[in-house]
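Notes for the structure review
In case you want the letters, here they are:
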Amino acid sequence: MITVLFFSMLSAVTLPEGAAPEALNFSHFPDRLHAFVWRNWRLAPLDRMAEVVGATEADVRTVGKAMGLPDPPEITGTQLQRTYITLIRANWHLLNYEQLLQLLGWDEARLAYTLQEDDFLFIKLGSLKPSCPPLAYAPPTEAVKAREAEIAAIVKARFGDAAGVSVDPLLSFVDHLSAPFEATQETKGASLFDPRFCYSYFALYGDPLIESDPFPENYLKRLSASGVNGVWLQGVLYTLAPFPWQPELSDKWEQRLERLRELTERAAANGMGIYMYLNEPRTMPLAFYDKHPELRGVTEGSHAAMCTSALEVRDYIRESVARICEAAPQLAGFFTITASENLTNCWSHHRGNECARCGACNPGEVIAEVNGAIQAGIDQAGGNARLFAWDWGWADDWAPAAIAALPAKVSLMSVSEWSMPINRGGIESSVGEYSISTVGPGPRAQRHWKLAQERGLSTLAKIQANNTWELSAVPHIPAVANVAKHVEGLRDTGVTGLMLGWTLGGHPSPNLEVVYELGKKREDGSLPSADEALETVAARRFGPAAPEMVAAWKEISAAFSEFPYNGGVVYNAPLQMGPANPLWAAPTGYRATMVGIPYDDLGSWCSIYPPEVFIGQLEKTAAGFDAGAKRMRASIADDTPTEYKKAIQEESNITEAAYIHFQSVANQARYVLSRNAVAEGKLPEAEASSMKKTMKEIIQAELELAERLYQLQTNDSRLGFEATNQYFYTPMDLAEKVLNCEWLLTKD
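Residues numbered from 1 in each chain as written. Predicted model: local features only at pLDDT ≥ 70, side-chain atom pairs only at ≥ 80, totals over all residues. Heavy atoms only, no water.

Of the regular secondary structure elements, the protein holds 29 helices and 15 strands. Scaling as 2.2 N^0.38, a compact globule of 748 residues should have a C-alpha radius of gyration of about 27 Å, and the protein matches this with 26 Å. In terms of overall dimensions, the protein has C-alpha extents of about 75 × 65 × 55 Å along its principal axes. By the burial criterion, 62% of the 748 residues in the protein qualify as buried. (Helix = DSSP H or I, 4+ residues; strand = E, 2+ residues; numbered from the N terminus. Rg over C-alpha atoms; globule rule 2.2 N^0.38 Å. Buried < 20%, exposed > 50% of the residue type's maximum accessible area, 1.4 Å probe, protein only.)

On to the sheet that holds strand β6 (residues 303–306), then. The sheet built from three strands is open, its strands ordered β4-β6-β5 with antiparallel pairing. Strands at the two margins of the open sheet, each flanked by one partner only, are β4 (284–285) and β5 (296–300). Inspection of the sheet shows β5 paired to β6 by three bridges, in the antiparallel sense. Note on β6: the bridge partner recorded for T299 is A304. (Pairing = 2+ DSSP bridges.)

Let us now look at the nonpolar core. By size, the foremost hydrophobic cluster in this structure holds 254 residues, and its most contacted members are F334, W502 and F614. Among the elements that take part in this core, helix α27 (residues 642–680) stands out by supplying twelve residues, more than any other. Non-local contacts of F334, meaning those with residues more than four positions away in its chain, are made with Y275, M276, L278, V321, I324, C325, I378, A385, R386, L387 and F388. (Core = buried A, V, L, I, M, F, W, Y, C linked by side-chain atoms within 4.5 Å. Contact = heavy atoms within 4.5 Å.)

Cis geometry marks the peptide bond from D194 to P195; its omega dihedral reads 15°. On the secondary structure map, P195 appears in the loop between α11 (172–178) and β1 (196–199). Cis geometry marks the peptide bond from G440 to P441, where omega comes out at 0°. As for its position among the elements, P441 is in the loop between β11 (427–430) and α19 (443–454). Positive phi is not limited to glycine here, since L171 has a value of about 70°.

In this section: the sheet that holds β1. Through backbone hydrogen bonds, the strands of a sheet pair up, either in parallel or in antiparallel fashion. Here we have eight strands rolled up into a closed barrel, ordered β1-β2-β3-β7-β8-β9-β12-β13, and parallel in their pairing. Taken pair by pair, the neighbouring strands of this sheet meet at an average axis angle of 30°, ignoring direction. (Axes fitted to C-alpha atoms, helices over the stretch in contact; angles between N-to-C directions.)

Put into structure tokens, the structure is as follows:
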């Protein structure tokens, strides 16, 4: 269980509200109660659902059965542990905090910790909690019964008697990836790139050393067979070492360090290193500074930074890191972010001028000082752990001073594709986030690597080998040729290691195998070309179908290069939700949230792109993925061995899922654009009538895409999942989209 003393000891817990606008109404259900029962039918235990709404289990069961749902499944503790973010998101517009806590079985402190520390979840939810009146059970009226019957008829016609039931149940992939495994190829040879590390495909982000096993041994073996030799997890210093100003906040720190020791030893036995991500020092509530005003730095809202210009803070970082290294001597290293969504050092949000101490310092020197404190802790422990200072979020004019002041043992890591110039649909811009649609390395990273190398520092490239926020709801984006070209281009930059992905991208895949092949020297000392690496991996995975599979990867990669890339697009558009995102008859008034809830915020979806360009580029992308999936399926011959046939089908299904996501975003954008134009009332009657007809066609197309993705997800539990967001959607959400579309089709 997550340690929550951080909140409970400092002050009374206040759950964040933000603007608290009125919650949305999901009109395809007869009322909010039915939306609640539908969404939680396969996510929450029936007794908890009943408790939340003041009903009996029999009452709740009757509501679900009246909508045509099968018997509810048993919800295990493991499922609740791994889907709590999905549960929170599903109920964000349905329950107030009190009832949400009942459903989760949590106290306020745990939810407060999760909203702040679990990959800034409250930001992903829009930094606001919709205002929801208490939800209470009431016997159905005749009108409600009539709508229940309509829903049941749709469910029966579309999903039979098993709506939401999966052949491959939710989270089954955890067992699949943890099952016994023996590698069939050697992936421990020398590589140009060492380390090559990624995040666990299914680790819990918030408190991974307490809550679950992030790195089962057989999962590590599978990663190793894909050419990976390291994994990473988040660390929060006050949970890993005594917090000197209030030690009770560090409850269970010894237990975490013991677990870390065990994990690092297990990983080392499998040829893998574990790296810890540090984003320090964490902010403290303002009440903390009543007793420790000398530590206070820049203030944001109800929290303030612990100023790293204060020697006591740097000593705390050094001592904590030393304690970690001493407890887990086989820890491979750390990497840091010093300018992120979380406020940490006073310059982390580019506002260090508001601090009397840091305002007088060069921002780059403050960043280097934080990394210096961590390196000092490593040195104090006398271990071999490495430190990678990641330049994510650094202003361009900070980098020279930061790199110049880093300790000599520190390595510099830079996002390879960042600042790469692109032109999509005639719109010129540059990459400012992670991208596979763009082939790096870009000028920013090369500039920073050169500065570091001139100082004698080693350098690493941060890439996304499997997927990005362009699409994280599939295990990997099969634009493998783009990945291959990117890594081929890195071989001449002097970088000696690769971070293979942020929290997304830890599934064994052909993408990861291609990365490894491109760094592996052959017996004659030469390195394979991108095409040769693609062919080697395809032959290993797909046998005689390899030439067609490589052709499909190249077709997909070319199409993906048309993707309307922009940071605003990848964070705000419904790329992760795909057809699970509802269509709205009228504007919601809500702004899209960061890879959270897209709503119908077309302006944020499109970002720098005119809507027609945005839609057109997505349709080009989708068409290439659709063609690639069809080419893959056509490569299966009657005599294709079963092993290869299964691999081809799996790759084609992932490709089809990606096609559905991209096509759905185009559809949704076209629908919102048309809806808004009609609502303005300025169109000639004939044009308005034609646009309404187009909207009906889009609704029907969305219904069909939701059904297709439903079939894919019920047979592959990986679809829709990403480690820090958990399930963006489940089969029940896709079935709800069908209800949503059927309801809209009955409206004028």
